[in-house]
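Below are the chains, spelled out letter by letter.
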Amino acid sequence: MLSIDHLCLSTDDSDLITDLTLQLPPGECLAVVGPNGSGKSTLLRAIAGLRRPDSGEIRVGGIIADDSDPAFRAAVSVELGDDATFAELTVLEHLRLITAAHDVDTEIAAVALDGSGIGDLADRFPHTLSTGQRQRFSMCAAWIRPADLVVIDEPEAGLDVAGRDWVAQRIRRSTADARSVVFATHSPELVSRGADQTVTVGR
Ligand SMILES: Nc1ncnc2c1ncn2[C@@H]1O[C@H](COP(=O)(O)OP(=O)(O)OP(=O)(O)O)[C@@H](O)[C@H]1O
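Thresholds applied
- Residues numbered from 1 in each chain as written.
- Predicted model: local features only at pLDDT ≥ 70, side-chain atom pairs only at ≥ 80, totals over all residues.
- Heavy atoms only, no water.
- Near = heavy atom within 4 Å.
- Polar contact = N/O pair within 3.5 Å; in protein donor to acceptor, adjacent residues only side chain to side chain.
- Areas by Shrake-Rupley, 256 points an atom, 1.4 Å probe, with all protein chains shown as cover.
- Helix = DSSP H or I, 4+ residues; strand = E, 2+ residues; numbered from the N terminus.
- Axes fitted to C-alpha atoms, helices over the stretch in contact; angles between N-to-C directions.
- Parallel < 35°, antiparallel > 145°, perpendicular 65-115°, else oblique.
- Left-handed = near helix turned anticlockwise from the far one by under 90°.
- Contact = heavy atoms within 4.5 Å.
- Core = buried A, V, L, I, M, F, W, Y, C linked by side-chain atoms within 4.5 Å.
- Buried < 20%, exposed > 50% of the residue type's maximum accessible area, 1.4 Å probe, protein only.
- Pairing = 2+ DSSP bridges.
- Salt bridge = Lys/Arg side-chain N within 4 Å of Asp/Glu carboxyl O.

Thoughts on the site of the ligand
Within the structure, the ligand sits among Thr11, Leu16, Pro35, Asn36, Gly37, Ser38, Gly39, Lys40, Ser41, Thr42, Glu154 and His186. Within the side chain of Ser41, one N or O atom sits 2.8 Å away from an oxygen atom of the ligand. Protein contacts shield 49% of the accessible area of the ligand, which totals 640 Å² for the unbound molecule. Counting residues per element, the shell around the ligand draws most heavily on helix α1 (residues 40-47), at three residues.

A closer look at the packing of helix α3 (residues 91-101) against helix α5 (residues 131-144)
Viewed as axis vectors pointing N to C, α3 and α5 meet at an angle of 15°, and their least axial separation amounts to 9 Å. When the axes of α3 and α5 are compared, the pair comes out roughly parallel. For the crossing formed where α3 meets α5, the hand is right-handed. Within the contact between the two elements, α3 uses Val91, His94, Leu95, Ile98 and Thr99 and α5 uses Phe137, Cys140, Ala141 and Ile144.

Topic: the nonpolar core
Counting 32 residues, the largest nonpolar core has Leu95, Leu113, Trp143, Ile171 and Phe183 as its most contacted members. In terms of residues, this core owes the most to one element, α5, which gives seven residues. Sequence-distant contacts of Ile171, defined by excluding residues within four places in its chain, comprise Cys29, Trp143, Val181, Phe183, Leu190 and Gly194. One finds Ile17, Leu24, Leu44 and Ala65 within the second-largest nonpolar core, a separate group that totals 28 residues.

Some thoughts on the sheet that holds strand β3 (residues 29-33)
An order of β6-β7-β8-β3-β9 is seen for the five strands of this open sheet, with the pairing classed as parallel. Two strands close off the open sheet at either side, each with one partner strand: β6 (76-79) and β9 (197-200). With direction set aside, neighbouring strand axes in the sheet form an average angle of 15°. Judged from the four bridges that link them, β3 and strand β8 (residues 180-184) form a sheet pairing that is parallel. By the bridge assignment for β8, Val32 is matched with Ala184. Sheet strands in contact with helix α6 (residues 161-176) are β3 and β8, and its direction is about 150° off that of β8.

Points about the sheet that holds strand β4 (residues 55-60)
Taken in spatial order, the four strands of this open sheet run β2-β1-β4-β5, and their pairing is antiparallel. Two strands lie at the open edges of the sheet, namely β2 (15-24) and β5 (63-64), each paired on one side alone. Of the strand pairs in this sheet, strand β1 (residues 2-10) and β4 are connected by five bridges, and their pairing is antiparallel. Directly across from Ser3, in β4, lies its bridge partner Arg59.

Examining the pattern of salt bridges
Taken as a whole and judged by the stated rule, the model has seven salt bridges. When the shortest N-O distance is used, the salt bridge between Asp165 and Arg193 registers 2.8 Å. Of the two residues, Asp165 is situated in helix α6 and Arg193 in helix α7 (residues 188-194); the sequence distance between them amounts to 28 residues. Here Arg193 falls in the partly exposed class, since its relative accessible area comes to 31%. Within this structure, Asp165, Glu189 and Arg193 form a network of salt bridges that share partners.

Structure, rendered in structure tokens:
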């Protein structure tokens, strides 16, 4: 499903990823780990088709990673922590908008919110949520899209113990549904609970 072939990613002054090759089959989860500034988010942006490789190739379901390609966008759901929201739409209305846009049952929006532990916040506006509540909302938005690959940067960020437990379970449920997941993390617990493969960057 996700195929990375001899990938190199650099900044102006350093090589972040050099000659990375891997295959992530449907239903498997890849954890990307490494210190601050090592290139985890950069790798996720490349997998999400938001950044071109300096050399090498990334494909999802055979399609070259390119955010401007509608076929690629349909295959990949991305949560990189930079999502915008509409001031006039509630939490639940945002999720319903996503389900409607992707032609899936709008009822799963409320189910997803309940499962994330913020079902009681359905009628609030996203800008009124706490950091952890906002993270749960963002995770719901990523997971309700009917994509083959889910790409998430630091899913545990800002979450309490129960929230981290929910994320680990949610990742395992995605892979049980034959979706693939790529996440960057600083949590060894999430790696051990969620990952089938691990890539370490920055060394
Ligand atoms: N837009 C940008 N322009 C220039 N350099 C950037 C840009 N974004 C990131 N970098 C640099 O690229 C390197 C890798 O950054 P990246 O965000 O991928 O690291 P990370 O491993 O995700 O870090 P963290 O654990 O802190 O989130 C860092 O040195 C960073 O300063």
